[in-house]
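As a plain string of letters, each chain reads:
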Amino acid sequence: MMVKIKHKPFELNMYINGKWRGGETNPKRKVINPANGELIAEAVEGSVSDVKSAVQAARVAFDNGVWSDLSPEERAAYLFKVADRIDERHDELAALETMDNGKPLRESDYNISSAASCFRYYAGLVLAPHGKTYNVPDSVQAMVIREPIGVCGLIVPWNFPLMMSVWKIAPALAAGNTIVFKPSEVTPVTPTKLFKIFDEIGLPKGTANMVLGAGEIIGNEITVNHDVDMISFTGGTDTGRHIMKAASGNIKKISLELGGKSPNIIFADADFETALDYALYGIYYGSGQVCSAGSRILIEESIQDKFIARFVERANRIKVGPGNDPETEMGPLVNQEQLDKVLKYIEIGQKEGAELVCGGYRLTDHGYEKGFFIAPTAFIDTKPEMRIVQEEIFGPVAVFQTFKDEEEAVKLANDTRYGLAGSVFTQDAGKAMRVIKKIRAGITWVNSYHSAYIEAPWHGYKQSGIGFSLGVNGLDEFLETKQINFNLDVKPINWFSK
Ligand code: TXE
């Protein structure tokens, strides 16, 4: 049975200084259900002056200490309340996430639960000790205390609309910062609901502000604004590069979680069925629109024929459909732009001489024609220099590469500009550890794929990013470090003659 929630298109407004705000004169942005093209919401389109108001509100709130001066217990209490409200609205939020992003309900279910857990985790961490003391040669007590950075600009993408928002908002607030947040213009629905929760629980005015609209306008102004002290961004590597430059005006701290082209290395001695299952999950989960997707499957030559044959057989059986159908295993792509991008890469792959072994086309049969559905796709006979091997496609497109031995596997695995994730499948523990240690990536798995834990840091090497999400590191990201040298022997230093 399809899960439907009846509604008129939502009106989505911005939240600035504790008030809901419509846009100026700009036409509203239409938010579309990627499974059927239906209008689900109309979002106001913010302007540079809206960003300036939001930054000003966050600045004043920070400087007045309405949030940062609260005791850790008080701040934690707010965050626990947010988590409880997310749980209370779990089903509604999951249905909306599926409607907005297209992902199957079972994925949305997990994402919403995880958003609540993330608030709880950081609420707990607020209460953990953060400082350190040092023994130094003088009669001085040297210590370090941690303080909020100030106004944090948070910019997130569309692939995990609520979860990515919370990965940034929860630690930023826990640390005592005030925020100016921008969801993706493609998926603003559940982030707006989160701000409704902030409003309901009476988060102090100006603490959390949300501006809606285009990246190049809203995101850019957040990035260049000198009253913003830090930017935390998740999105494409090219946008990340732009943000690095644009943030240099006031030497903002930046934290970037960017793209990937992650290797999933499968040795002949792996448990065959486990490796096969995870290879499919690694690339087709989230329709491949996942930064850590196992988009390059590196397979040992001796098992390639059997493995690829079984992979194709299973990929062809994946049930593609609307996310609100409980039978659906893989949803649509998020929008027309992403569909066009993925189809273009499929064309590029064929022109480059790779062989398409499954998928490669848009689904247009009855029931699919208005959505952005694409069949699970895979290429073989690839070469390392091909664009489909080197570039992030961000869709359900697996690229097979083959290797003869450990050394070649590692060489191929590291042969991209990215370094977000990677995985090894083998039953030889020594080999697993040797290979994992040589992979230049921040998130790795052995005999597994995609698991992410709120408790553990998420981070990319190379052009996959700077800084951390999640775990204690995710909180550290939003804290300054202040050294205090407390003189225990108060008398003149007599450095200069009297
Ligand atoms: O991302 P963008 P898009 C990759 C993926 C995808 C490609 C493009 O390959 O196909 O990026 O997707 C805001 N200043 N990833 O266009 O543009 C934008 O409004 C400040 C990987 O959606 O990076 C949105 O809120 N902000 C990624 C956010 O940045 C700007 C997830 C991300 O948008 C801006 C998403 C600017 N100049 C896409 N331009 C991952 N690592 O998970 C845009 N934005």
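Caption draft 1: Molecular detail of helix 7 (residues 215–224). All of the buried residues in helix 7 are Ile 218, Gly 219, Glu 221, Ile 222 and Thr 223. Buried residues in helix 7 make contact with helix 1 (48–64), strand 8 (151–155), strand 9 (178–182), strand 11 (230–234) and helix 8 (237–246).

Caption draft 2: Local environment of helix 11 (residues 336–352). An ideal rise of 1.5 Å per residue puts 24 Å on 17 residues; helix 11 measures up with 24 Å between its terminal C-alpha atoms. Within the span of helix 11, buried status applies to Gln 338, Leu 339, Val 342, Tyr 345, Ile 346, Ile 348 and Gly 349. Check the buried side of helix 11 and you find it contacts strand 15 (355–358), strand 16 (377–380), helix 12 (387–390) and strand 17 (397–403). Where helix 11 ends, the next residue or the one after it, Gly 353, has phi of about 105°, a positive value.

Caption draft 3: Structural context of unusual backbone geometry. Phi angles above zero are rare outside glycine, and His 450 is one such case at about 70°. Relative to the assigned elements, His 450 resides in the loop between strand 20 (443–446) and strand 21 (461–462). You will see that Lys 462, though not glycine, has its phi angle at about 45°, which is positive. With respect to the secondary-structure elements, Lys 462 resides in strand 21. Judged by its relative accessible area of 37%, Lys 462 falls in the partly exposed class.

Caption draft 4: Examining the site of the ligand more closely. Among the 29 residues in the neighbourhood of the ligand, the closest are listed as Val 156, Trp 158, Glu 185, Lys 341 and Glu 392. A distance of 3.3 Å separates an oxygen atom of the ligand from a polar side-chain atom of Asn 159. In this structure, an oxygen atom belonging to the ligand sits 2.8 Å away from a main-chain N or O atom of Gly 236. Burial of the ligand by the surrounding chains reaches 87%, relative to a free accessible area of 800 Å². Only helix 7, strand 11, helix 8 and helix 11 provide two or more residues apiece to the shell around the ligand. At 5 residues, the largest contribution of residues to the shell around the ligand is made by helix 7. Looking at side-chain class alone, the shell around the ligand contains 10 nonpolar, 13 polar and 6 charged residues. When residues of the shell around the ligand are assigned to domains, at least three fall in each of domain 1 (10–258 + 464–483) and domain 2 (263–446).

Caption draft 5: Seen up close, the packing of aromatic side chains. As enumerated under the stated definition, the model contains 19 aromatic pairs in all. Centroid distance Tyr 368 to Phe 373: 5.0 Å. Interplanar angle 90°. Geometry classified as edge-to-face. Among the residues examined, Phe 373 registers a relative accessible area of 0% and is labelled buried. Through a chain of ring-to-ring contacts, the aromatic side chains of Tyr 15, Trp 20, Phe 119, Phe 181, Phe 195 and Phe 198 assemble into a single cluster. Between the NZ or CZ atom of Lys 81 and the centre of the ring of Tyr 78, over which it lies, the distance is 5.7 Å. The ring of Phe 272 is capped by Lys 306, whose NZ or CZ atom sits 4.2 Å from the centre of that ring.

Caption draft 6: Region of the structure containing the domain arrangement of the protein chain. Domain annotation of the protein chain identifies domain 1 (10–258 + 464–483) and domain 2 (263–446). Counting residues at the interface gives 24 residues for domain 1, matched by 26 residues for domain 2. Where domain 1 meets domain 2, there are 0 salt bridges. Sorting the residues of the side of domain 1 that touches domain 2 by element identifies helix 3 (90–101), helix 4 (105–126) and helix 8 as the ones contributing at least two each. For the side of domain 1 that touches domain 2, the element with the most residues is helix 4, which contributes 4 residues. Here the residues of the side of domain 1 that touches domain 2 sort into 8 nonpolar, 10 polar and 6 charged.

Caption draft 7: Inspection of the side chain of Arg 59 at higher detail. The topology assignment puts Arg 59 in helix 1. Look past the residues within four positions of Arg 59 in its chain and what remains in contact with it is Gly 150, Val 151, Asp 227 and Asp 229.

Caption draft 8: Structural detail: the environment of Leu 173. Mapped onto the fold, Leu 173 is located in helix 5 (residues 161–174). Its relative accessible area of 0% is what places Leu 173 among the buried residues. Residues Leu 173 and Tyr 78, 95 residues apart in the sequence, show an inter-C-alpha distance of 9.8 Å. The residues contacting Leu 173, other than those within four sequence positions of it, are Trp 67, Arg 75, Leu 79, Ile 179, Phe 198, Leu 203 and Thr 207.

Each value, and the rule that gives it
- In this convention, every chain numbers its residues from 1, walking through the sequence in written order.
- The model is predicted, so local features are restricted to residues of pLDDT at least 70 and side-chain atom pairs to those at 80 or more, both for listing and for counting; the totals for chains, interfaces and linings are taken over all residues.
- Think of the side-chain values as coming from all heavy atoms in the structure, minus any hydrogens and water.
- When accessible area is computed with a 1.4 Å probe and restricted to protein chains, residues below 20% of their type maximum are described as buried, those above 50% as exposed, and intermediate ones as partly exposed.
- Put simply, DSSP marks the helices as runs of H or I at least four residues long and the strands as runs of E at least two long, and each gets a number from the N terminus on.
- Residue contacts follow a heavy-atom distance rule, with two residues in contact if any of their heavy atoms lie within 4.5 Å.
- The span expected for a helix works out to 1.5 Å for each residue beyond the first.
- Put simply, a residue is near a molecule or strand once any heavy atom of it comes within 4 Å of that molecule or strand.
- Any pair of N or O atoms that falls within 3.5 Å is considered a polar contact. Within protein, one atom must be able to donate a hydrogen and the other to accept it, and sequence-neighbouring residues count only if both atoms are side-chain atoms.
- Here the Shrake-Rupley method, with its probe set to 1.4 Å, supplies the accessible areas, and only the displayed protein chains count as covering residues.
- Under the scheme applied, nonpolar residues are Ala, Val, Leu, Ile, Met, Phe, Trp, Tyr, Cys and Pro; charged residues are Asp, Glu, Lys and Arg; polar residues are all the others, including Gly.
- Annotation comment: domain bounds sourced from an automatic or database domain assignment.
- Two rings belonging to Phe, Tyr or Trp (six-membered ring only in the last case) form a pair when the distance between their centres is within 6.5 Å. Interplanar angles under 30 degrees mark stacking, angles over 60 mark edge-to-face geometry, and anything in between is tilted.
- Note on criteria: charge over ring means Lys NZ or Arg CZ within 6 Å of the ring centre, with the direction from the centre no more than 35 degrees off the ring normal.
- We count a salt bridge whenever a side-chain nitrogen from Lys or Arg sits within 4 Å of a carboxyl oxygen from Asp or Glu.

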